[in-house]
Amino acid sequence: MFKTLFAASAACFALLSGTAQAAAKPDLAIYGQLPSVESVEISPDGTKLAFVATNGDERFVVIRQIGGSILKTIYAGAMKLRGVEWAGRDHLLVVSSRTAEVRGVLGRSREYLMALDYNVATGQQTGLLRNQAESMNVILDWPMVRMIDGRPFAFVEGVHFVNNYGRNTLYRIDLDKQTTRMLDFGSENDTDGWLVDASGQAVAQSLYNQNSGRWGLKIRTGMNWRKVDEAQAPMGSYGLSGFGRDGQTILVWRTDEKNNDLLREYRADGQRADLPSDIDLSGLIHDPQTLALLGGYKLKGDDLNYTFFDPEAQKTWNAVVKAFGSERISLSSWSQNRRKVVVLADSATEGPAYALVDLDARKAEFLVQVYKNLAPELISPVRSIKYKAADGLEISGYLTLPRGKDPKNLPLIVLPHGGPEGRDAPGFDWWSQALASRGYAVLQPNFRGSEGFGWDFVKAGFGEWGKKMQTDLSDGVRWLAKEGTIDPKRVCIVGASYGGYAALAGATLDRGVYRCAVSVAGPSDLKKMLLSVREAHNGEASSSQRYWLRFMGAEGIKDPDLAALSPAKLADKVEIPLLLIHGKDDTVVRYDQSQTMADAMKKAGKPVSFVTLDGEDHWLSRGATRLKMLTETVAFVEKNNPPD
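Now for a quick tour of the structure. Small disclaimer: the values here were computed from a predicted structure and weren't measured.

## A look at the overall build of the protein chain
- Per the secondary structure count, the protein chain includes 11 helices and 34 strands.
- A compact globule built from 644 residues should have a C-alpha radius of gyration of about 26 Å, and the protein chain, at 25 Å, falls within 12% of that.
- Dimensions along the principal axes, computed over C-alpha positions, put the protein chain at roughly 70 × 55 × 50 Å.
- Expressed as a percentage of the 644 residues in the protein chain, the buried residues total 54%.

## Remarks on the sheet that holds strand S19 (residues 272–274)
- The antiparallel open sheet is built from 3 strands, whose spatial order is S17-S18-S19. The open sheet has two edge strands, strand S17 (250–255) and S19, and neither has a second partner. Going across the sheet, the axis of each strand differs from the next one's by a mean of 30 degrees, ignoring polarity.
- Direction of pairing for S17 relative to strand S18 (residues 261–266): antiparallel, over a ladder of 6 bridges. Considered in S18, the bridge of Thr255 is made with Asp261.

## So, the state of the cysteines
- Within this structure, the stated rule accounts for 1 disulfide.
- Residue Cys492 pairs covalently with Cys516 via a disulfide, S to S 2.0 Å. Handedness of the Cys492-Cys516 disulfide follows from its S-S torsion of about 115 degrees: it is right-handed. Pair noted here: Cys492 is in strand S31 (residues 486–496) and Cys516 is in strand S32 (residues 516–520), with a separation of 24 residues, a long-range link.
- Cys492 gets classed as buried once you look at its relative accessible area, which sits at 0%.

## Here we look at the packing of helix H5 (residues 468–483) against helix H6 (residues 498–508)
- Closest axis-to-axis distance for the H5/H6 pair is 10 Å, and the angle between their directions is 75 degrees. The pairing of H5 with H6 is recorded here as roughly perpendicular in orientation. Here Met469, Gln470 and Leu473 of H5 lie close against H6, whose contacting residues are Tyr498, Ala502, Ala505 and Gly506.
- Broken down by class, the residue content of the contact of H5 with H6 amounts to 5 nonpolar, 2 polar and no charged.

## Re unusual backbone geometry
- Between Gly419 and Pro420 the backbone carries a cis peptide bond, its omega angle lying at 5 degrees.
- Relative to the helices and strands, Pro420 resides in the loop between strand S29 (410–414) and helix H3 (430–436).
- Even without glycine at this site, Arg338 takes up a positive phi of about 60 degrees.
- Among the structural elements, Arg338 can be located in the loop between strand S23 (328–334) and strand S24 (340–347).
- Residue Arg338 is classed as partly exposed on the basis of its relative accessible area of 27%.
- Positioned with a positive phi, Asn409 is a non-glycine residue whose angle comes to about 55 degrees.
- Considering the arrangement of structural elements, one finds Asn409 in the loop between strand S28 (394–400) and S29.

## Points about the side chain of Thr126
- Looking at where Thr126 falls in the secondary structure, it is placed in strand S8 (residues 125–127).
- For Thr126, a relative accessible area of 5% translates into the label buried.
- A distance of 3.4 Å separates polar atoms of two side chains, one belonging to Thr126 and the other to Gln178.
- Not counting residues up to four positions away in its chain, the partners in contact with Thr126 are Leu116, Asp117 and Gln178.

## Digging into the packing of helix H7 (residues 526–536) against helix H8 (residues 543–552)
- Axis separation between H7 and H8 bottoms out at 9 Å; the angle between their running directions is 160 degrees. Here H8 runs roughly antiparallel to H7, going by the angle between their axes. Where H7 crosses over H8, the two elements pack in a sense that is left-handed. Every residue of H8 that contacts H7 at Leu526, Met529, Leu530, Val533 and Arg534 is listed here: Ser544, Gln545, Trp548, Leu549 and Met552.
- Of the residues that constitute the contact of H7 with H8, the class distribution is 7 nonpolar, 2 polar and 1 charged.

## Quick notes on the pattern of salt bridges
- The tally for this structure, following the rule as stated, stands at 29 salt bridges.
- Put simply, Arg151 and Asp174 hold a salt bridge, and the shortest N to O gap is 2.3 Å. Here the residue Arg151 occupies a position in strand S10 (residues 151–162), and Asp174 occupies one in strand S11 (residues 165–174), the gap between them amounting to 23 residues.
- Ionic pairing is found between Lys468 and Asp391, a salt bridge with its closest N-O pair at 3.6 Å. Placement of Lys468 in helix H5 and of Asp391 in the loop between strand S27 (382–388) and S28 is noted, with a sequence separation of 77 residues between them.
- Taking the relative accessible area as the measure of exposure, Lys468 reaches 35% and is therefore partly exposed.
- Shared partners join several salt bridges into a network, and the residues in it are Lys80, Arg82, Glu111 and Asp617.

## Some points on the environment of Glu377
- Secondary-structure assignment places Glu377 in the loop between strand S26 (363–369) and S27.
- You can call Glu377 partly exposed: its relative accessible area is 32%.
- Separated by 26 residues in sequence, Glu377 and Arg403 have C-alpha atoms that sit 8.0 Å apart.

## Observations concerning the environment of Leu128
- Locating Leu128 in the fold gives a position in the loop between S8 and strand S9 (144–148).
- Taking the relative accessible area as the measure of exposure, Leu128 reaches 4% and is therefore buried.
- Put simply, Leu128 and Ala154 are 26 residues apart on the chain and 8.9 Å apart in space, counted from C-alpha to C-alpha.

## Overview of the pairing of strand S34 (residues 609–613)
- The pairing of strand S33 (residues 578–583) with S34 spans 5 bridges and is parallel. Residue pairing for S34: Leu579 is matched across the bridge by Ser609.
- Handedness of the crossover joining S33 and S34 through helix H10 (residues 592–603) is recorded here as right-handed.

Reading the values: rules and limits
- Residues numbered from 1 in each chain as written.
- Predicted model: local features only at pLDDT ≥ 70, side-chain atom pairs only at ≥ 80, totals over all residues.
- Heavy atoms only, no water.
- Helix = DSSP H or I, 4+ residues; strand = E, 2+ residues; numbered from the N terminus.
- Rg over C-alpha atoms; globule rule 2.2 N^0.38 Å.
- Buried < 20%, exposed > 50% of the residue type's maximum accessible area, 1.4 Å probe, protein only.
- Pairing = 2+ DSSP bridges.
- Axes fitted to C-alpha atoms, helices over the stretch in contact; angles between N-to-C directions.
- Disulfide = S-S within 2.5 Å.
- Parallel < 35°, antiparallel > 145°, perpendicular 65-115°, else oblique.
- Contact = heavy atoms within 4.5 Å.
- Nonpolar A, V, L, I, M, F, W, Y, C, P; charged D, E, K, R; others polar.
- Polar contact = N/O pair within 3.5 Å; in protein donor to acceptor, adjacent residues only side chain to side chain.
- Left-handed = near helix turned anticlockwise from the far one by under 90°.
- Salt bridge = Lys/Arg side-chain N within 4 Å of Asp/Glu carboxyl O.
- Right-handed = clockwise from strand over helix to strand, strands pointing away.

So, in structure tokens, the structure goes:
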């Protein structure tokens, strides 16, 4: 079904949608490799495509003429590319990240963003913010692209040092002339975001004080900045969400007094208005030229719905979706006139692939499969499920069943998501598919505290870290056992980040349910984790710390309840095989969290396996270590919970 339009020289890589022979246990690399394509962006004039491609651990940026040949392949090696964005017809901005500890900057290592400009016409590559005196060569947010008098400019937030103190500073980069000018820098410790209008003027500034949790909005009138609003936002800054429906008002995504999400438009004089409450969005879409808010999208239950304010735009999008039948369609990028659209089409039987829709020619064609060599016979069926927790709360989730097996008395892997205020979604999931390929049923529950099911459902998770958030998982196991789908004596739990904590809690706090547990980058000592968060903010309280404490149900770092929820403090209770996996460069949940758990297990005289992923971050961004994680996990669960 998938027809690829992308091809590069064999010396670099191949992006052919190949077919794989069905096998009892297919190669794990089919699932564990990095996606062959990680993003696809169409140029504003609709003539070129740019995408990030991978081959093993190597990444490339490829620029291709639509309907023609490849114009350029840029070799990026092991660089962690985070995406590309067109700036006019001939400039492509390439954003990457790197884990680093910078001399002279307080705190431990962090993940820093960087960007370069590639001129398609000349082949010149230029790093943004290069050689800026008293500044770091990093960016703090994604570049804002503006076309001014027909020429492309990039506006970026960087760090400029004033009296040895780094300030969030706004820079203006003329991409054609390759000149950089500092526009403005924020207050000493509060500015956390900027907004630039279509003429290239900075018009809004977001302020946030991590210690007090106070957010503020400044709008520029003439040469002066005026604060037009402020609010307590203890869980994090409201920031700036672009421009409103007229392309002039400042849009802020915030909450009301009942913690309901709302979109508020601010005018320059401080007047404000909220978008109608029936406009329920979780992602926003703006016009790249006028900057006006066009609409957005939201995952409601299992349906990804797009809403456009213009009836004709809505009609057009509905026609695009209809053309793909039952496949889940999401917008990847579109040309400036919105007549050529790149979409990601997720098929339940063939997996995800990118496609190009030409609305004028009234045709759609597939571009490339996201996972090469992923044949239909290697994809296991997924179905939505709902069950009741012990206290009656309805929990939804997804159950992946091993292909070709009778769904009776199956071995089970519980795979909780991270966050904890994340969620699992319908569609292809490489990790659950890999486990199902080995003969396991895989349960992905959206336990209480997960986003996407209303504020009351999120709030139900407060104070339930390791408690009802944990038993929501095992209640799913019991429900599947009652249905006869799984064998309750053959269940393991595997997870990453908060899911990794849930795996450790399954071995220490909710015992008797699982035969083995695998924690990937999971917190084990909650007090130590919170101290690490405080250290990252120079010893002060922060929104991150308050966020974790709210879910943990603790009053502060010294709360004795933290020890009762920390698996590393309960290692003597572990009676099942335990595998720890952690990236050495993790800056979200530090590597020492798994090291602490391993040490506690050894001190308690308990066996433990510990796998270090050298050079890996929290997101499994590198091909070799991502595959190593998957291979070690599968070997461990097959040994301790054989599927056959």
